[in-house]
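The chain contents come next:
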Amino acid sequence: MKFFIDTANLSDIEEAQALGVLDGVTTNPSLMAKEGITGETNILAHYKKICNIVEGDVSAEVISTDFEGMVKEGEALAALHPQIVVKLPMIAAGVKACKYFSDKGIRTNVTLVFSVGQALLAAKAGATYVSPFIGRLDDISTDGLNLIAEIRQVYDNYAFDTQILAASVRHTMHVIDCAKIGSDVMTGPLSSITGLLKHPLTDSGLAKFLEDYKKGN
Ligand code: G3P
């Protein structure tokens, strides 16, 4: 399973990259705003900075809601850097733009997906990635992980190439459960990755090894 980090925070991206397990980055307008990155020029410059830190795919989201606007914005984003993946919302214009970009060989990530039907549409339109938001489903007492499992089944039934990118991952158990289900990718905060390191037996075991080493020296 690929590990993406879901942030526009450069130091979190650097930390995950330094760990050696990072496969890419996802961003969205809210995450950009959280870092105080506003205005087209600053946002585009920030995407370039992110691409220079990581080696993998970097999702950059369009803000247009009409087909023509999405095409114009998406083409500019794709031209910015070879690692950029054009992120499109799951609305009719987004599906149409997804098909347009996939026909041109430009990679896409269809976002704000909350149902199997939406994921099926994204795959039919040739999306590179589909982003079901599992945390936000959990927030409204709906099983987000079950959606990942259902999409996995449908995609496997027809050997769709679209990769399932479990998004709105909030914690380590989401990561582990996504891996069990067979999600192709997960994207979450830095804590959802570094949290996987933690085990008290690792810490106490290491402390004992170091203590015993000192005894013999
Ligand atoms: O990847 C989607 C993500 O940015 C949304 O996460 O935690 O705001 O639901 P969250």
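Residues numbered from 1 in each chain as written. Predicted model: local features only at pLDDT ≥ 70, side-chain atom pairs only at ≥ 80, totals over all residues. Heavy atoms only, no water.

Asks: Provide a residue-level description of the overall build of the chain, including the pertinent values.
Replies: Check the secondary structure of the chain and you find eleven helices and eight strands. Relative to the compact-globule value of 17 Å for 217 residues, the chain shows a C-alpha radius of gyration of 19 Å, a close match. Taking the principal axes of its C-alpha atoms as reference, the chain extends roughly 70 × 40 × 30 Å. Counting every position in the chain, which comprises 217 residues, the buried fraction comes to 47%. Counted over contacts in the chain with a minimum sequence separation of 6, partners at least 24 positions apart contribute 56%. Here the chain has roughly 10,800 Å² of accessible surface; of this, 56% comes from carbon and sulfur atoms. Side chains of the chain carry 19 positive and 26 negative charges; the gap between the two charge centres is 2 Å. (Helix = DSSP H or I, 4+ residues; strand = E, 2+ residues; numbered from the N terminus. Rg over C-alpha atoms; globule rule 2.2 N^0.38 Å. Buried < 20%, exposed > 50% of the residue type's maximum accessible area, 1.4 Å probe, protein only. Contact = heavy atoms within 4.5 Å. Areas by Shrake-Rupley, 256 points an atom, 1.4 Å probe, with all protein chains shown as cover. Lys, Arg positive; Asp, Glu negative; His and termini not counted. Charge placed at Lys NZ, Arg CZ, Asp CG, Glu CD.)

Asks: Got a sec to walk through the pairing of strand E6 (residues 129-132)? Specific residues and values, please.
Replies: Across the two faces of E6 the burial is the same, with Tyr129 and Ser131 and Val130 and Pro132 all buried. Taken together, the three bridges between strand E5 (residues 108-113) and E6 define a ladder with parallel strand orientation. Residue valine 110 lies in a different strand from E6, and its bridge partner there is valine 130. For the handedness criterion, the β-α-β arrangement of E5, helix H6 (residues 116-124) and E6 is classed as right-handed. Looking at chain direction, E6 and strand E7 (residues 163-166) are connected through two bridges and run parallel. From the neighbouring strand, valine 130 faces E7, where its bridge partner is isoleucine 164. (Pairing = 2+ DSSP bridges. Right-handed = clockwise from strand over helix to strand, strands pointing away.)

Asks: Can you explain the side chain of threonine 27? Please cite residues and give values.
Replies: Inspection of the secondary structure puts threonine 27 in the loop between strand E2 (24-26) and helix H2 (29-34). Classification of threonine 27 by relative accessible area gives buried; the value is 0%. Polar contacts involving the side chain of threonine 27 include one to the main-chain carbonyl oxygen of serine 59, which spans 2.7 Å. In this structure, threonine 27 is in contact with Asp6, Thr7, Ala8, Tyr47, Ile50, Ser59, Ala60, Glu61 and Lys87, ignoring residues within four places of it in sequence. (Polar contact = N/O pair within 3.5 Å; in protein donor to acceptor, adjacent residues only side chain to side chain.)

Asks: If you had to explain the state of the cysteines to someone new, which residues and values would you point to?
Replies: Applying the stated criterion across every chain, the model contains zero disulfides. As a non-bridged cysteine, cysteine 51 has cysteine 98 as the owner of its nearest cysteine sulfur, 19 Å distant. (Disulfide = S-S within 2.5 Å.)

Asks: Report on the packing of helix H1 (residues 10-19) against helix H3 (residues 40-53), specifying residues and quantitative values.
Replies: At a minimum axis separation of 10 Å, H1 and H3 run at an interaxial angle of 15°. The pairing of H1 with H3 is recorded here as roughly parallel in orientation. Where H1 crosses over H3, the two elements pack in a sense that is right-handed. Packed against H1, whose contacting residues are Leu10, Ile13, Glu14 and Gln17, the element H3 presents His46, Lys49, Ile50 and Ile53 at the interface. In terms of residue class, the contact of H1 with H3 is made up of four nonpolar, two polar and two charged. (Axes fitted to C-alpha atoms, helices over the stretch in contact; angles between N-to-C directions. Parallel < 35°, antiparallel > 145°, perpendicular 65-115°, else oblique. Left-handed = near helix turned anticlockwise from the far one by under 90°. Nonpolar A, V, L, I, M, F, W, Y, C, P; charged D, E, K, R; others polar.)

Asks: I'd love a proper account of the UniProt feature "active site" (unreviewed entry) in the chain, names of residues and values included.
Replies: Per the UniProt record, the feature "active site" (unreviewed entry) sits at Lys87. Every residue in contact with lysine 87, bar those within four places of it in the chain, is listed here: Thr26, Thr27, Asn28, Ser59, Ala60, Glu61, Val62, Asn109 and Thr111. (UniProt positions renumbered as here; feature names shortened; annotations may be inferred.)

Asks: Could you give me a rundown of the nonpolar core, with the residues and numbers involved?
Replies: Judged by nonpolar contacts, the single largest core of 56 residues is most densely connected at Ile13, Leu22, Val25, Val54, Leu88 and Tyr155. Non-local contacts of leucine 88, meaning those with residues more than four positions away in its chain, are made with Val62, Met70, Gly94, Ala97, Cys98, Phe101, Thr108, Asn109, Val110 and Thr111. Counting five residues, the second-largest nonpolar core is a separate cluster that includes Phe4, Val85, Leu165 and Val185. (Core = buried A, V, L, I, M, F, W, Y, C linked by side-chain atoms within 4.5 Å.)

Asks: If you had to explain the environment of glycine 69 to someone new, which residues and values would you point to?
Replies: Within the secondary structure layout, glycine 69 lies in helix H4 (residues 67-80). For glycine 69, a relative accessible area of 16% corresponds to the buried category.

Asks: Tell me about the packing of aromatic side chains, and please be specific about residues and values.
Replies: Scanning the entire structure with this criterion turns up six aromatic pairs. Judged by centre distance (5.9 Å) and plane angle (90°), the ring pair of phenylalanine 67 and tyrosine 100 falls under edge-to-face. Residue phenylalanine 67 is located in helix H4, and its partner tyrosine 100 is located in helix H5 (residues 92-103); the two are separated by 33 residues in the primary sequence. The exposure class assigned to phenylalanine 67 is buried, which follows from its relative accessible area of 19%. Here the aromatic cluster, defined as three or more aromatic residues joined through ring pairs, consists of Phe67, Tyr100 and Phe101. It is lysine 96 that lies over the ring of phenylalanine 67; its NZ or CZ is 4.5 Å from the centre. (Phe/Tyr/Trp six-rings, centres within 6.5 Å; stacked < 30°, edge-to-face > 60°. Lys NZ or Arg CZ within 6 Å of the ring centre and 35° of its normal.)

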